[in-house]
Amino acid sequence: MAKSPKNKTIVLTEEEKNYYSQKLLFQKDLFSLENIVNKTINADLFDVIDNLPDKFVDIMIIDPPYNLYKAFNTVKFSEMSIDNYSNWLDSWLKKLVRLLKDEASIYICGDWKTSTSIHLVGQKYFYVQNRITWERDKGRGALKNWKNNSEDIWFFTRSKKYTFNAEAVKHRRKVIAPYTDERKKPKDWEKTENGNFRLTYPSNLWNDITVPFWSMPENTEHPTQKPEKLIAKLILASSNEGDLVFDPFLGSGTTSVVAKKLNRRYLGVEKDFYFSCIAEKRLDLAENNKEIQGYLNGCFWERNTLNEILREKNEKNSNSTN
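All values reported here derive from a predicted model rather than from experimental measurement.

What to know about the overall build of the protein
- Counting its regular elements, the protein contains 9 helices and 16 strands.
- A separation threshold of at least 6 residues defines the contact pool for the protein, and within that pool the share at least 24 residues apart is 71%.
- Roughly 17200 Å² of accessible area belongs to the protein as shown, and the carbon and sulfur atoms make up 49% of that amount.

In structure tokens, the structure reads:
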């Protein structure tokens, strides 16, 4: 069945699968630092983890299967007890430690169920710096429980010395109460023709994230795809241009794509062949399109405010030419 013209979900033809599969690395390949940079490895993490180099990762972003039943195309994951899930996390996390540089940062995604395990296992190997909670803008309601509308990202570091670029992740927020100083000048905010805005330092509570959906050009068929804007905040805060970003559960490639758009090097490991090829297609698309929805001119904008401003600018430009 043909897609709606507004449906921008990225899919693959058989011809594209054949083409992008040639860009992948596989378990049989040799993994030296020279040949894994800016690559996607299509393999089970457990089969390749011991063959990766020591201390080559500046920032690691991990979005493992949460502790619930989920089918990721050919890969399926089942719910476990909290203890068993914690043991599963530990089985691969302890092996990833040697891949990290001494000043590396680690972000691990989870939901309310998995957060306990992530915290307890992560603190065995890293310094715990914070827990980010972000609001999902969609989700099913629950008649006998609170609607599950948030997820967590645990922020760890390998040592007490680490990169954190607060200026790079400031948030552009609309000013509701525009205070002025004694000279009637804006106090810590900026007056523009499109409204009043303030640049604020990032907090650990994020409500400006839009989960990808079918009309967004970053959307794929992956059931738990993270938004590019969300990953961009982590990468900008905890790495510098040229650093290497590693994602051991790459999914449809968001971490690698955002790393490329932000001039970082990257490596991803993904078990599913189709999603590995999708990741390579998205990396190809990123050659000519560096845009990250909700991020412009070095600022993260509140949900919907950037679109309003761009629309007003387009209307103004259109009127001036008529």
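Things to note about the nonpolar core
- Membership of the largest hydrophobic core comes to 39 residues, with the highest contact counts inside it found for Ile41, Leu52, Ile62, Trp92, Leu96 and Phe246.
- In this view, isoleucine 41 contacts Leu25, Phe31, Val48, Leu52, Leu267, Gly268, Val269 and Glu270; residues no more than four positions away in its chain are not counted.
- Listed in part, the 31 residues of the second largest apolar core include Tyr107, Trp206, Leu262 and Ile292.

What about the side chain of arginine 282?
- Relative to the assigned elements, arginine 282 resides in helix α8 (residues 273–285).
- Leave out the neighbours within four places in its chain, and arginine 282 touches Ile10, Glu218, Thr220, Gln225, Glu228, Ser252, Gly253, Thr254 and Val257.

What to know about the pattern of salt bridges
- What the rule picks out here adds up to 21 salt bridges.
- One salt bridge connects aspartate 58 with lysine 101, and the closest N-O pair in it is separated by 3.1 Å. Of the two residues, aspartate 58 sits in strand β3 (residues 57–62) while lysine 101 sits in strand β6 (residues 100–110), which places them 43 residues apart along the sequence.
- By relative accessible area, which is 30% here, lysine 101 ends up partly exposed.
- Note that lysine 261 is salt-bridged to glutamate 228, the shortest N-O span being 2.9 Å. On the criterion of sequence distance, the pair formed by lysine 261 in helix α7 (residues 254–261) and glutamate 228 in helix α6 (residues 228–238) is long-range, its members being 33 residues apart.
- A single salt-bridge network, built from bridges that share partners, covers Asp63, Arg136, Glu151 and Lys226.

Re the environment of serine 215
- Mapped onto the elements of the fold, serine 215 is located in the loop between β12 (205–206) and α6.
- Considered as a pair, serine 215 and lysine 6 are 209 residues apart in the sequence and their alpha carbons are 5.6 Å apart.
- Apart from residues no more than four positions distant in its own chain, serine 215 is found in contact with Lys6 and Lys8.

With respect to the environment of asparagine 87
- Relative to the elements of secondary structure, asparagine 87 occurs in helix α4 (residues 82–96).
- Taking the C-alpha atoms as reference, asparagine 87 lies 8.7 Å from serine 117; in sequence the two are 30 residues apart.

Regarding unusual backbone geometry
- In the Ramachandran plot, lysine 55 falls in the positive-phi region, its phi being about 45 degrees despite a non-glycine side chain.
- For lysine 55, the location among the structural elements is in the loop between α3 (45–48) and β3.
- Given the relative accessible area of 49%, lysine 55 is considered partly exposed.

Observations concerning the packing of α6 against α7
- Axis separation between α6 and α7 bottoms out at 9 Å; the angle between their running directions is 60 degrees. Between α6 and α7, the angle falls in the class oblique. At the point where α6 passes α7, the crossing takes the right-handed sense. In this structure, α6 contributes Glu228, Ile231, Ala232 and Ile235 to the contact, and α7 contributes Thr254, Thr255, Val257, Val258, Ala259 and Lys261.
- Here the contact of α6 with α7 is composed, by residue class, of 6 nonpolar, 2 polar and 2 charged.

Observations concerning helix α5 (residues 112–122)
- Along α5, the residues classified as buried are Thr114, Ser115, Ser117, Ile118, Val121 and Gly122.
- Looking at the buried positions of α5, the neighbouring elements they touch are α4, β6, β7 (127–135) and β8 (150–157).

A closer look at the pairing of strand β14 (residues 265–270)
- The element β14 is largely enclosed, with a buried count of 5 among its 6 residues.
- Across 4 bridges, strand β2 (residues 39–42) lies against β14 in parallel orientation. Counterpart to threonine 40 in the pairing with β14 is glycine 268.
- The parallel pair strand β13 (residues 244–247) and β14, bridged by α7, forms a crossover whose chirality is right-handed.

Some points on the packing of aromatic side chains
- The final tally for this structure, using the stated rule, is 16 aromatic pairs.
- An aromatic cluster is defined as three or more aromatic residues linked by ring pairs; in this entry it consists of Phe77, Tyr85, Trp88, Trp92 and Phe249.
- Its end group placed over the ring of phenylalanine 300, lysine 233 keeps NZ or CZ at 5.3 Å from the ring centre.

Calculation notes
- Residues numbered from 1 in each chain as written.
- Predicted model: local features only at pLDDT ≥ 70, side-chain atom pairs only at ≥ 80, totals over all residues.
- Heavy atoms only, no water.
- Helix = DSSP H or I, 4+ residues; strand = E, 2+ residues; numbered from the N terminus.
- Contact = heavy atoms within 4.5 Å.
- Areas by Shrake-Rupley, 256 points an atom, 1.4 Å probe, with all protein chains shown as cover.
- Core = buried A, V, L, I, M, F, W, Y, C linked by side-chain atoms within 4.5 Å.
- Buried < 20%, exposed > 50% of the residue type's maximum accessible area, 1.4 Å probe, protein only.
- Salt bridge = Lys/Arg side-chain N within 4 Å of Asp/Glu carboxyl O.
- Axes fitted to C-alpha atoms, helices over the stretch in contact; angles between N-to-C directions.
- Parallel < 35°, antiparallel > 145°, perpendicular 65-115°, else oblique.
- Left-handed = near helix turned anticlockwise from the far one by under 90°.
- Nonpolar A, V, L, I, M, F, W, Y, C, P; charged D, E, K, R; others polar.
- Pairing = 2+ DSSP bridges.
- Right-handed = clockwise from strand over helix to strand, strands pointing away.
- Phe/Tyr/Trp six-rings, centres within 6.5 Å; stacked < 30°, edge-to-face > 60°.
- Lys NZ or Arg CZ within 6 Å of the ring centre and 35° of its normal.

So far we have only geometry, and geometry alone does not tell us how the molecule works.
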